[in-house]
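# Examination of the molecular architecture
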Amino acid sequence: MTERAATIKDVAAAAGVGIATVSRVFSGTGSVGAETRERVLAAARELDYRPSALGRGLKLRRGGGIGVVVPDVTDPFYAELVAGVLSCARSLGEHVIVDAAHGDPSREAEIVDRLAEQRVDGIIAVPAGDTAAWHSAARVGAGVVFADRVLPGLPGVPAVLADDRAGVRTLTEYLVGLGHRRIAFLGAALPGAPPGGPVEVRERAFRDTLRALGVAVDEDLMVAARHERDAAYAAAAGLLQRRDPAGGVTAVLAAGHLLGEAAVLVARELDLRVPADVSIAMVDDVPWAELCDPPLTALARPGHDIGYRACELLARDRASRRPAQAGRAPAERAVRERPRRGGGGPVLLPSELVIRGSCGPPPRGAAPRRSGPEIRPTP
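Residues numbered from 1 in each chain as written. Predicted model: local features only at pLDDT ≥ 70, side-chain atom pairs only at ≥ 80, totals over all residues. Heavy atoms only, no water.

Turning to the packing of helix α1 (residues 8-15) against helix α3 (residues 34-47), a few remarks are in order. Running from amino to carboxyl end, α1 crosses α3 at an angle of 125°, the nearest separation of the two axes being 9 Å. Relative to α3, the element α1 lies oblique. When you trace α1 past α3, the crossing you get is right-handed. Of the residues in α3, those in contact with D10, V11, A14 and A15 of α1 are R39, V40, A43, A44 and L47. Here the contact of α1 with α3 is composed, by residue class, of seven nonpolar, no polar and two charged. (Axes fitted to C-alpha atoms, helices over the stretch in contact; angles between N-to-C directions. Helix = DSSP H or I, 4+ residues; strand = E, 2+ residues; numbered from the N terminus. Parallel < 35°, antiparallel > 145°, perpendicular 65-115°, else oblique. Left-handed = near helix turned anticlockwise from the far one by under 90°. Contact = heavy atoms within 4.5 Å. Nonpolar A, V, L, I, M, F, W, Y, C, P; charged D, E, K, R; others polar.)

The structure is reproduced here in structure tokens:
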């Protein structure tokens, strides 16, 4: 015989309070004393009471849960970010819906519209670069927190970012300290790239650091490339097989792990010794970096912590907006007014420079040795 599941009435009777008090404890609305709250929660644990998410959603006109939108769920950095969100959401008793926009603003807009229709409580997103997608979320009152990048057109949206500026500065200073002066930046921003993205921040930090150290910025060594495998390989091949009589590239700073992977592959195919002929370092420390021969120096960005903090920020923002949702002000107006209420800009989390064997002093003499076959970049 199946036992009857405990109800809210059972919890109220066991705790010696009214049904409304139990409802306030589990919905997080209204005022309940700390002692009463603990008594209700203890009774719920004793009875193994589980509040109905469907019932709460119908009452609040929300479906509940958190939507997460990332460029690619298979990318190691974004996988860590999602893992951080899941870890925090689990502690909050929230379920999570994950989708990938693949950097496509129109696909992102479809995902956000679908999440808005499902009435999720909030959305954590690595935005693709178009502000229009986020009006749907604002209209239904869902909280939004950006992760890993911001949109200049939406300065009031909370964000959690890695401090890429400080991280790239540290990595550039390390390469210059080894004696490198001909350092290529692989993965510079392409013409027309949306502003405010990590690529732009990293490139500016690289340029500014070289100037501050008295090293000339060679525009020929600022190599634009999309952060995609084929494009990264083509850009790395075009860079490392150049025959420059004035001296070749002695170090490559790759602006992402796909670009770093491409630089390692091309160096191997050109028979360039790392780091004897060329040093290679990259932004983002991914598992394979330690398995390279030699292991790759990398800037470890805190993907898991970014996801966890973004989820915490979303929960805090959602709690602060509850009275407004029950009041008269439209949610979209509340979102627009948020910048005037303050906030000190995005939350910046530090990165860590992980020094391994792929970087050393520049080679003596002119250009590094290039005895391998010529590689024809993929168009």
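Next comes the rest of the write-up.
Here the structure, examined in full by the defined rule, presents three aromatic pairs. Residues F77 and Y78 carry aromatic rings whose centres are separated by 5.4 Å and whose planes lie at 75° to one another, so their mutual orientation is edge-to-face. In this structure F77 comes out as buried when scored by relative accessible area, which is 6%. Between F185 and F206 the ring centres are 5.0 Å apart and the planes differ by 35°, which places this aromatic pair in the tilted class. Remark: F206 occurs in helix α9 (residues 198-212) and F185 occurs in strand β6 (residues 183-188); sequence separation between them is 21 residues. For the pair shown, F185 and F206 are each scored as buried. Above the face of the F77 ring, R301 is positioned so that its terminal group lies 4.4 Å from the ring centre. (Phe/Tyr/Trp six-rings, centres within 6.5 Å; stacked < 30°, edge-to-face > 60°. Buried < 20%, exposed > 50% of the residue type's maximum accessible area, 1.4 Å probe, protein only. Lys NZ or Arg CZ within 6 Å of the ring centre and 35° of its normal.)

This part is about the nonpolar core. Judged by nonpolar contacts, the single largest core of 52 residues is most densely connected at I183, L186, F206, L239, L240, V252 and L253. For this core, the element with the most residues is helix α10 (residues 229-240), which contributes seven residues. The contacts of L253, once residues within four sequence positions are left out, are L171, T172, L175, I183, A184, F185, L186, F206, A281 and V283. In terms of nonpolar packing, the next biggest core, distinct from the first, is built from 22 residues, V68, A147, I306 and L313 among them. (Core = buried A, V, L, I, M, F, W, Y, C linked by side-chain atoms within 4.5 Å.)

This part takes up a negative patch on the surface. Together, D104, E110, D113 and E117 line one region of the surface with negative charge. Mapped onto the secondary structure, D104 falls in the loop between β2 (96-100) and α6 (105-117). (Patch = residues over 30% accessible without salt bridge, like charges linked within 9 Å, V, L, I, M, F, W, Y side chains within 5 Å. Areas by Shrake-Rupley, 256 points an atom, 1.4 Å probe, with all protein chains shown as cover. Salt bridge = Lys/Arg side-chain N within 4 Å of Asp/Glu carboxyl O. Lys, Arg positive; Asp, Glu negative; His and termini not counted. Charge placed at Lys NZ, Arg CZ, Asp CG, Glu CD.)

This paragraph deals with the pairing of β6. Side-chain positions along a regular strand alternate between the two faces of the sheet. Of all six residues in β6, six are buried, a share of seventy percent or more. Where β6 meets strand β7 (residues 222-224), three bridges bridge the pair, whose relative direction is parallel. Looking across to β7, one finds that A188 is bridged to A224. (Pairing = 2+ DSSP bridges.)

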